[in-house]
Amino acid sequence: MKEKKVNDKKRTFLLITIPMVALFFLFNTLPLIRGFIYSFTNFRGYGEYDWVGLRNYIDLFTDARVGKSYLFTVKYALACTILSNVISLILALGLNSRIKGKSILRGIYFIPNVLGSLVVGYIFGFFFTYILPAVGQKLGIGFLSSSMLAGTGTAWIAIVIVGAWQAIATNTIIFISGLQTVPEDVYEAGAIDGATGWQRFWKLTFPLIIPFFTINMVLSMKNFLMVFDQIMALTKGGPSQSTESISYLIYQNGMSGGQFGFQSANAFVFFVVIVAISVAQMRFMNKKEEQL
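If you're wondering where the values come from, they're calculated on a predicted model, not measured in any experiment.

Rules and cut-offs
Residues numbered from 1 in each chain as written. Predicted model: local features only at pLDDT ≥ 70, side-chain atom pairs only at ≥ 80, totals over all residues. Heavy atoms only, no water. Helix = DSSP H or I, 4+ residues; strand = E, 2+ residues; numbered from the N terminus. Rg over C-alpha atoms; globule rule 2.2 N^0.38 Å. Buried < 20%, exposed > 50% of the residue type's maximum accessible area, 1.4 Å probe, protein only. Contact = heavy atoms within 4.5 Å. Areas by Shrake-Rupley, 256 points an atom, 1.4 Å probe, with all protein chains shown as cover. Lys, Arg positive; Asp, Glu negative; His and termini not counted. Charge placed at Lys NZ, Arg CZ, Asp CG, Glu CD. Expected span 1.5 Å × (residues − 1). Polar contact = N/O pair within 3.5 Å; in protein donor to acceptor, adjacent residues only side chain to side chain. Bend = angle between axes of the 7 residues up to and from the residue. Phe/Tyr/Trp six-rings, centres within 6.5 Å; stacked < 30°, edge-to-face > 60°. Lys NZ or Arg CZ within 6 Å of the ring centre and 35° of its normal. 1 Å grid on protein atoms, 1.4 Å probe; cavity = no way out; pocket = protein on both sides within 12 Å on 5 of 7 lines; lining within 4 Å. Points joined across faces, edges and corners; volume = space filled by probe spheres on them. Nonpolar A, V, L, I, M, F, W, Y, C, P; charged D, E, K, R; others polar. Salt bridge = Lys/Arg side-chain N within 4 Å of Asp/Glu carboxyl O. Axes fitted to C-alpha atoms, helices over the stretch in contact; angles between N-to-C directions. Parallel < 35°, antiparallel > 145°, perpendicular 65-115°, else oblique. Left-handed = near helix turned anticlockwise from the far one by under 90°.

Trainee: Which parts of the structure should I look at to understand the overall build of the chain?
Mentor: From N to C terminus, the chain includes 12 helices and 0 strands. Counting from the amino terminus, the chain carries its helices and strands in the arrangement α-α-α-α-α-α-α-α-α-α-α-α. Its C-alpha atoms give the chain a radius of gyration of 24 Å, clearly above 19 Å, the size a compact globule of 292 residues would have. When the backbone C-alpha atoms are referred to their principal axes, the chain occupies close to 80 × 75 × 35 Å. Expressed as a percentage of the 292 residues in the chain, the buried residues total 37%. Considering only residue pairs separated by 6 or more positions, the chain has 69% of its internal contacts joining residues 24 or more positions apart. Total accessible area on the chain is roughly 17,500 Å²; 68% of this is exposed by carbon and sulfur atoms. Charge centroids of the chain, computed over 24 positive and 14 negative side chains, lie 5 Å from each other.

Following this line, the structure appears as C-alpha cells:
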C-alpha cells in the first residue's frame, strides 16, 4: 500500500515537472543555444548566412557604440541599485514601525509595481516633457525649463528616477519581511545596553537582515542591468545614443538593424557579464554576512 502511494506521488511529480521542464527548454534553453550558434555567423535575421568564427566577438571589443552602451548600462544599474535600496530600507523601517494606517500605506506604495513598465514610462515621459518644464518656467528654474529627456547629461537621470521609483515596491516588501524576522528580545536587550537610534539599526537590525539586503542587491543589479522598457518608453536610446542600454541595442540592431549574428554574440557576452557580476556580489555579501 505504501509502495503504491509512493509510486502515485512520483507519477504526479513527473506529470507536473516534465511539462514545465519541456516548456523551459523550448522557450528559454533552446533560444539561448540557437543564439549562441548564430553568434558565430553573419546572420541578418533572414536569408542565408555564413560562418565567421570569432569575428563577431572580436568586433564587440572594438565597437565604440557597444562600449558606450555597456558604460551607460553599468552606470544606470549602479545608480538605481543604490538609490532604490536606500529608499526601500528607509520605507521598510517606517512601514514596520508602530504607525497608524500602515496597511493602507503598504498598499499605496506597492502601486508602482502593479503598473506595467511601459505604461509607467509613457506617463513619466509626458511628465518630463510637458509638466515639469511648464512648472520650471513658471518658477523661473532654468534647468527644469526644458525636458530632462532632451539633454544628454540629464536624460539618464530621468531614467534612473523612473527605474528606481518602480523597483522600490518589491525591495521594500523584501526588507519588511526581513525586519519582521528580528525578535523583539534583541531590541529589549539592546535598550538595556543603551542602544538607540542609529546604533540600534547598525548594531542590531542590519546584521540580522543582511541576507535580505543581499537578495535585494543581487536582484536589483541584475534587473537594472537588463533595463529595456524604460529606455523604449522614454528615450529610445537618445539623445545621441547617450541612454542606449545593452538590451535595447541588442533588440534594435539585432531585430531591425540586420546584425542578428553580431548582436547574438553581444547577448551571450552580456549574459556572461551578468552571471559574473551576480556571483561576485554573492561572494562579497556572503563574506560580509560571516563577518557580522
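So that's the structure; there's more coming.
Trainee: Help me understand helix H3 (residues 64-95), please; the structure alone is not making it clear to me.
Mentor: Helical geometry note: an α-helix holds 3.6 residues per turn, so side chains three or four residues apart project in the same direction. With 32 residues, H3 extends 46 Å between its outermost C-alpha atoms, agreeing within 8% with the 46 Å of an ideal straight helix rising 1.5 Å per residue. The residue sitting at the N-terminus of H3 and contributing the capping side-chain oxygen is Asp-63; that oxygen lies 2.9 Å from the backbone nitrogen of Arg-65.

Trainee: Where do I start with helix H7 (residues 155-179) in this structure?
Mentor: Between its first and last C-alpha atoms H7 spans 35 Å; for 25 residues at 1.5 Å apiece the expected length is 36 Å, and the two agree. In the structure, H7 departs most strongly from a straight axis at Ile-168, where the bend amounts to approximately 35°. Most of H7 sits inside the fold, with 18 of its 25 residues counted as buried.

Trainee: Sorry if this is basic, but what is going on with the packing of aromatic side chains here?
Mentor: Within this structure, the stated rule accounts for 23 aromatic pairs. Seen in terms of ring centroids, Phe-126 and Tyr-130 are 5.1 Å apart; in terms of plane orientation they differ by 45°. Their pairing is tilted. Of the two residues, Phe-126 and Tyr-130 are both situated in helix H6 (residues 117-139); the distance of 4 residues between them amounts to about one turn of the helix. Exposure remark for Tyr-130: the relative accessible area of 53% places this residue in the exposed category. Taking the centre distance of 5.3 Å and the plane angle of 70° together, the rings of Phe-206 and Phe-213 count as edge-to-face. The residues Phe-206 and Phe-213 share a single accessibility class, namely buried. Taken together, the ring pairs in this structure connect Phe-36, Phe-40, Tyr-57, Phe-268 and Phe-271 into an aromatic cluster. A cation over an aromatic ring shows up here: Lys-75 above the ring of Trp-156, its NZ or CZ 4.4 Å from the ring centre.

Trainee: Any chance you could explain the layout of surface pockets here in plain terms?
Mentor: The method is simple in principle: a probe with the dimensions of a water molecule rolls over the atoms, and the space it marks as empty is what remains. Each pocket or cavity is described by its volume, and for the largest pocket that value is around 690 Å³. Elements supplying a minimum of two residues to the lining of the largest pocket: helix H1 (2-38), helix H11 (246-255) and helix H12 (260-291). Among the elements that take part in the lining of the largest pocket, H12 stands out by supplying 9 residues, more than any other. A breakdown of the residues in the lining of the largest pocket according to their chemical character gives 14 nonpolar, 5 polar and no charged.

Trainee: Sorry, what's going on with the pattern of salt bridges here?
Mentor: Once their charged atoms are close, side chains differing in charge can pair, the charge on each being opposite to the other. Counting across every chain of the model gives 1 salt bridge. Of the charged contacts, one joins Arg-65 and Glu-244 as a salt bridge, the two residues approaching to 2.6 Å between their closest N and O atoms. Of the two residues, Arg-65 sits in helix H3 while Glu-244 sits in the loop between helix H10 (229-234) and H11, which places them 179 residues apart along the sequence. Among the residues examined, Glu-244 registers a relative accessible area of 3% and is labelled buried.

Trainee: Can you walk me through the packing of H3 against H7 in this structure?
Mentor: For any two helices packed against each other, the geometry is given by the interaxial angle and the distance between the axes. Between H3 and H7, the least distance of the axes is 6 Å, while the angle of their chain directions is 40°. With respect to H7, the element H3 is oriented oblique. When you trace H3 past H7, the crossing you get is right-handed. Class assignment of the residues belonging to the contact of H3 with H7 gives a composition of 20 nonpolar, 6 polar and 1 charged.

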